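Tertiary structure, described
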Amino acid sequence: MITDGNWRELRRVNNKANRQKVNGSKHRVGYSGNIMIVRLPADSAAAPIASLDPIGLTRQLCEIESTTYYEGAVGGFLADFLARRGWAVEKTQVAQPNENAGGGPRWNVYAGGSGETPDLVFSTHMDTVPPYIPFSEDAEFLYGRGVCDAKGILAAQVAAAEALRAAGFRVGLLFVSGEERDSAGAKAANQAPKGSRFLIDGEPTDNRLAVASKGALRAAFKSTGKMAHSAYPELGESAVHKLVQVLAKVLALPLPVVEGIGSSTLNIGQIQGGYAPNVIADKAEAQVLVRTVTDSAPVRAQLIEVAGDLAEVEFTLDSPFIRLRAVEGLHTMVVKFSTDIPYLSNWGEPLLLGPGSIHVAHTPQEKLAKKELLEAVELYIKVAKQLLG
């Protein structure tokens, strides 16, 4: 079992190893504004490029711990790896939030043809949720943090892009930081698009094309009161009691439903408040996440109404519900999670497709079938060719 203690130790050991891997690489870099240009070493320019093994690349990626805010090492590895395979690579730094200033530099990585405008770009994220789970495999499956969300997807996209490039198609690769928290990397990338007509975003969809993706509305409810001895409640005002009343109303809300898509769902994910059972609490807070199937405005209004004068409401995330394009010959689905797609609006018409099940992502049982990973490469190639003619 992975505990907080040995997770921290795993992070320390892996980050040290990852720094050694990246610092030991021999690629050269230059700068254009805040973009780092990764150049192929002169002594390797004539070296033959072996065919890419997506299973092997997934293994390499998953052996580099990259929990959100700690994506620097995996970004450095990818930039070097892609440059050595003949891609023109750019690393763009993604800012750390103030509360995690010690996380070190992290990057978005873009790879394309030198001086070329891509017609289609494959994209997914390099970060994973905690805790880090070491990679393992057997004859049938890959196991560990990120194998399906989303490092196996990333490897399949690289393999597909290389096959398409060899066939004469103009394609690019965009790998971002921060998707699992606030889509910081996608928001940064959207300020510098490459002119692509299509964007294929990768998330675990069981190799089915998503025709819709639910939105995500995150709200913080904050109640305040007056501290007192619990034996004399009349001398205080409990913030916890206020918050409990609000949350009971939140759970009873009738949320929007859309035919063919499904219903909005709601989760009260975190609650904090109080000091001890014998102290009247003067503050309490809850984090609520609504998966939306319509514009978020009606749900926002509902949440504000039930809070009344018992709590303040702060909306910290609002990722919209989106409908997506279908492609002839592919099985489709509606995904209940949100993605980076709303924040990559300048990268072309979006599609959503990837191997792996969302049901095991974010769990200790995360895994990806090797067969499904290899099938994803062929699916990515098929979809790209249909889009580009």
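This text follows the structure it describes.
We now turn to the structure provided with this report. (Residues numbered from 1 in each chain as written. Predicted model: local features only at pLDDT ≥ 70, side-chain atom pairs only at ≥ 80, totals over all residues. Heavy atoms only, no water.)

**Comments concerning the sheet that holds strand β17 (residues 283–292)**
- The sheet built from 4 strands is open, its strands ordered β15-β17-β11-β18 with antiparallel pairing. Single-partner strands in this sheet number two, and they are β15 (265–273) and β18 (312–319). For this sheet the average axis-to-axis angle between neighbouring strands, irrespective of direction, equals 15 degrees.
- In this structure, strand β11 (residues 215–224) lies alongside β17, joined through 10 bridges in antiparallel fashion. Paired with L217 across the bridge in β17 is V290.
- Strands β11, β15 and β17 of the sheet are contacted by helix α6 (residues 239–251), whose axis makes an angle of about 15 degrees with β17.
- Packing against the sheet, helix α7 (residues 297–307) makes contact with β11, β17 and β18, and its axis sits at approximately 165 degrees to β18. (Pairing = 2+ DSSP bridges. Helix = DSSP H or I, 4+ residues; strand = E, 2+ residues; numbered from the N terminus. Axes fitted to C-alpha atoms, helices over the stretch in contact; angles between N-to-C directions. Contact = heavy atoms within 4.5 Å.)

**Observations concerning the packing of aromatic side chains**
- A complete count under the given rule lists 4 aromatic pairs for this structure.
- With 6.0 Å between their ring centres and 50 degrees between their planes, Y110 and W347 make a pair best called tilted. In this pair, Y110 is assigned in strand β4 (residues 107–112) and W347 in the loop between β20 (332–335) and β21 (349–352), connecting sequence segments 237 residues apart. By the burial criterion, Y110 is buried, and W347 matches it.
- Taking 6.1 Å as the distance between ring centres and 45 degrees as the angle between the ring planes, the aromatic pair formed by F141 and Y143 counts as tilted.
- Judged by relative accessible area, F141 falls into the buried class, the value being 17%.
- A cation sits over an aromatic face here: R300 above F315, 4.4 Å from the ring centre.
- The ring of F141 carries the charged tip of K367 above its face, separated from the ring centre by 4.3 Å. (Phe/Tyr/Trp six-rings, centres within 6.5 Å; stacked < 30°, edge-to-face > 60°. Buried < 20%, exposed > 50% of the residue type's maximum accessible area, 1.4 Å probe, protein only. Lys NZ or Arg CZ within 6 Å of the ring centre and 35° of its normal.)

**Concerning the pattern of salt bridges**
- Considering all chains together, one arrives at 16 salt bridges under this definition.
- A salt bridge links E162 to R165; its shortest N-O distance comes to 4.0 Å. Here E162 and its partner R165 are both found in helix α4 (residues 147–166), 3 residues apart, which amounts to about one turn of the helix.
- On the basis of relative accessible area, E162 is assigned to the buried category, the value being 12%. (Salt bridge = Lys/Arg side-chain N within 4 Å of Asp/Glu carboxyl O.)

**So, the state of the cysteines**
- Taken as a whole and judged by the stated rule, the model has 0 disulfides.
- With no disulfide of its own, C62 lies closest to C148 among cysteine sulfurs, the gap being 9.4 Å.
- When its relative accessible area of 1% is taken as the criterion, C62 is described as buried.
- A relative accessible area of 0% means that C148 is categorised as buried. (Disulfide = S-S within 2.5 Å.)

**Structural notes on the nonpolar core**
- The biggest cluster of nonpolar side chains holds 58 residues, and the ones touching the most others in it are L82, L120, F122, L173 and Y380.
- When contributions to this core are tallied by element, the ones reaching two or more residues are α2 (54–62), α3 (72–84), β4, β5 (120–125), α4, β8 (171–176), β9 (198–201) and α8 (370–388).
- Examining the composition of this core, we find that 12 residues originate from one element, α4, more than from any other.
- Residue contacts for Y380: discarding those within four places in its chain leaves F122, I153, A156, Q157, A160, I200, G202, L353, G354 and P355.
- One finds L247, L255, A284 and V306 within the second-largest nonpolar core, a separate group that totals 20 residues. (Core = buried A, V, L, I, M, F, W, Y, C linked by side-chain atoms within 4.5 Å.)

**Here's the deal with the packing of α6 against α7**
- Between α6 and α7, the least distance of the axes is 9 Å, while the angle of their chain directions is 145 degrees. Crossing hand, α6 versus α7: right-handed. Where α6 abuts α7, its residues V246, K249 and V250 lie against L303, V306 and A307.
- For the contact of α6 with α7, the residue count by class is 5 nonpolar, no polar and 1 charged. (Left-handed = near helix turned anticlockwise from the far one by under 90°. Nonpolar A, V, L, I, M, F, W, Y, C, P; charged D, E, K, R; others polar.)

**Some details on α6**
- A rise of 1.5 Å per residue sets the reference length of α6, with its 13 residues, at 18 Å; its end C-alpha atoms lie 19 Å apart and thus fit the reference within 8%.
- Within α6 the residues assigned to the buried category are A239, K242, L243, V246, L247 and V250. Buried residues along α6 cover an arc of 130 degrees about the axis, so they all sit on one side. Exposed positions of α6 whose direction lies more than 90 degrees from the buried face are H241, V244 and L251.
- Among the structural elements, β11, β15, β17 and α7 are those in contact with the buried residues of α6.
- Backbone nitrogen of V240 and a side-chain oxygen of the N-cap are separated by 3.3 Å at the start of α6; the cap is S238. (Expected span 1.5 Å × (residues − 1). Arc of directions from axis to C-beta. Polar contact = N/O pair within 3.5 Å; in protein donor to acceptor, adjacent residues only side chain to side chain.)

**Focus on the packing of α2 against α3**
- It is the contact of α2 with α3, at a shortest axis distance of 10 Å, that shows an interaxial angle of 145 degrees. Along the contact surface, α2 presents L57, Q60 and L61, while α3 presents V74, F77, L78 and F81.
- Looking at the contact of α2 with α3, its residues break down into 6 nonpolar, 1 polar and no charged.

These results come straight from atomic positions and should not be treated as a statement about function.
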